[in-house]
Amino acid sequence: FKLNTFLLKKCKEKDINIYEDEIIKVNIKKDNIESIESLSKKYKHDFYIDSTGFKRLLISKLGVKWQSYSKYLPMNEAIAFPTPDTNEYTPYTLAKAMSSGWLWRIPTNGRWGNGYVFNNQYINAEQAKKECEKYLGHKIEIGKNIKFEAGTLDRAWIGNCVATGLSSSFIEPLEATSIGSTITQAFMFMNYYDCANDLQIKQFNDKMAMVIENLRDFVILHYQVKKNDTEFWSNLKNLPIPPSLQHKLDLWKDRLPIREDFESTQYLLFYEMNFISIMYGLNLFDKDKLTKIYNGF
């Protein structure tokens, strides 16, 4: 809320008009948004940024297609809840494996932010709540119950509209990739907006697809675990791995990840050291083979 207040202040300083209204109609003309309407007013502008979240009120009217990642990433629901402040804070965010997903705990000033991300084929929100209460040792109250599907739009930018944030893509809460991709997309957009034409828009969409693929593959890597103490964790081994990640894992059987493996675009969020950290923690390296290779140098 403080960030929102700060941004509103900056908008006013730059004479940016802010309207509180509800979109009820989007008028399209030749693959562009001509105007948007509320019950009492019509808004007509040169360019539109769709930040309406999962509703995708603007970009959905321009023929965009959703590319689901659900066959790779099984999480599809989450509960979020606060817990009281404490005198001791961890210098890290906790991501703990639970029976059907994972729990986050984030220490903040005044409270702890918590959530359980799970697959609702195995448990429901109430069962997830009880599991969290058992782990924490006290009752909790669910603040939000969110259902989602991992995936991305086939094009984030169409005509005079670009979708950003949750309107553009969502992997899952692990690694907070939605925040990172939104910031990255803003920097990309700065470089393409003033010179926008079909060629520039295509390159923007192609580069953004590479960014999202990088996020997706990094998150999927977290689930390549040997854990099998519940049905959920056992069944993860039956999920397919996307060709882009499988290719890299094949390369990394005989060596560590290197920067050259991540040169598709400078806008990627995760590089060799990120992948090395996760793979090391999950014991995915053939340490004896790597030791032999690197000792040979």
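Here's a quick rundown of the structure.

What counts, and where the lines are drawn
- Residues numbered from 1 in each chain as written.
- Predicted model: local features only at pLDDT ≥ 70, side-chain atom pairs only at ≥ 80, totals over all residues.
- Heavy atoms only, no water.
- Pairing = 2+ DSSP bridges.
- Helix = DSSP H or I, 4+ residues; strand = E, 2+ residues; numbered from the N terminus.
- Axes fitted to C-alpha atoms, helices over the stretch in contact; angles between N-to-C directions.
- Core = buried A, V, L, I, M, F, W, Y, C linked by side-chain atoms within 4.5 Å.
- Buried < 20%, exposed > 50% of the residue type's maximum accessible area, 1.4 Å probe, protein only.
- Contact = heavy atoms within 4.5 Å.
- Expected span 1.5 Å × (residues − 1).
- Phe/Tyr/Trp six-rings, centres within 6.5 Å; stacked < 30°, edge-to-face > 60°.
- Lys NZ or Arg CZ within 6 Å of the ring centre and 35° of its normal.

**Focus on the sheet that holds strand E7 (residues 94-98)**
As summarised here, the arrangement of the five strands in space is E7-E8-E9-E6-E10, forming an open sheet in which the pairing is antiparallel. One side of each edge strand has no neighbouring strand; the edge strands of this open sheet are E7 and strand E10 (144-147). Adjacent strand axes in the sheet meet at a mean angle of 20 degrees, parallel and antiparallel pairs treated alike. Pairing geometry for E7 and strand E8 (residues 101-108), over five bridges, is antiparallel.

**What about the nonpolar core?**
The biggest cluster of nonpolar side chains holds 50 residues, and the ones touching the most others in it are Leu73, Trp157, Phe204, Tyr223 and Phe275. Put simply, the parts of the chain that give this core at least two residues each are strand E6 (77-84), E8, helix H3 (177-192), helix H4 (198-222), helix H5 (231-235), helix H6 (243-251) and helix H7 (272-281). Ranked by the residues each element gives to this core, the list is headed by H4, at 10 residues. Beyond its immediate sequence surroundings of up to four residues, Phe204 is in contact with Ala156, Trp157, Val162, Gln185, Met188, Phe189 and Tyr192.

**Considerations on helix H1 (residues 2-13)**
An ideal rise of 1.5 Å per residue puts 16 Å on 12 residues; H1 measures up with 17 Å between its terminal C-alpha atoms. Two residues or fewer after H1 comes Asp15, characterised by a positive phi angle close to 55 degrees.

**Thoughts on the packing of aromatic side chains**
For the coordinates displayed, the defined rule picks out 22 aromatic pairs. With a centroid separation of 6.4 Å and 10 degrees between ring planes, the pair formed by Tyr89 and Trp112 is classed as stacked. Taken as a pair, Tyr89 in the loop between E6 and E7 and Trp112 in strand E9 (residues 111-118) lie far apart in primary sequence, 23 residues in all. Given a relative accessible area of 6%, Trp112 falls into the buried group. An aromatic cluster is defined as three or more aromatic residues linked by ring pairs; in this entry it consists of Phe47, Trp157, Phe189, Tyr192, Tyr193 and Phe204. Above the face of the Tyr69 ring, Arg216 is positioned so that its terminal group lies 4.9 Å from the ring centre. One Lys or Arg, Arg259, reaches over the ring of Tyr271 and ends 4.1 Å from the middle of that ring.

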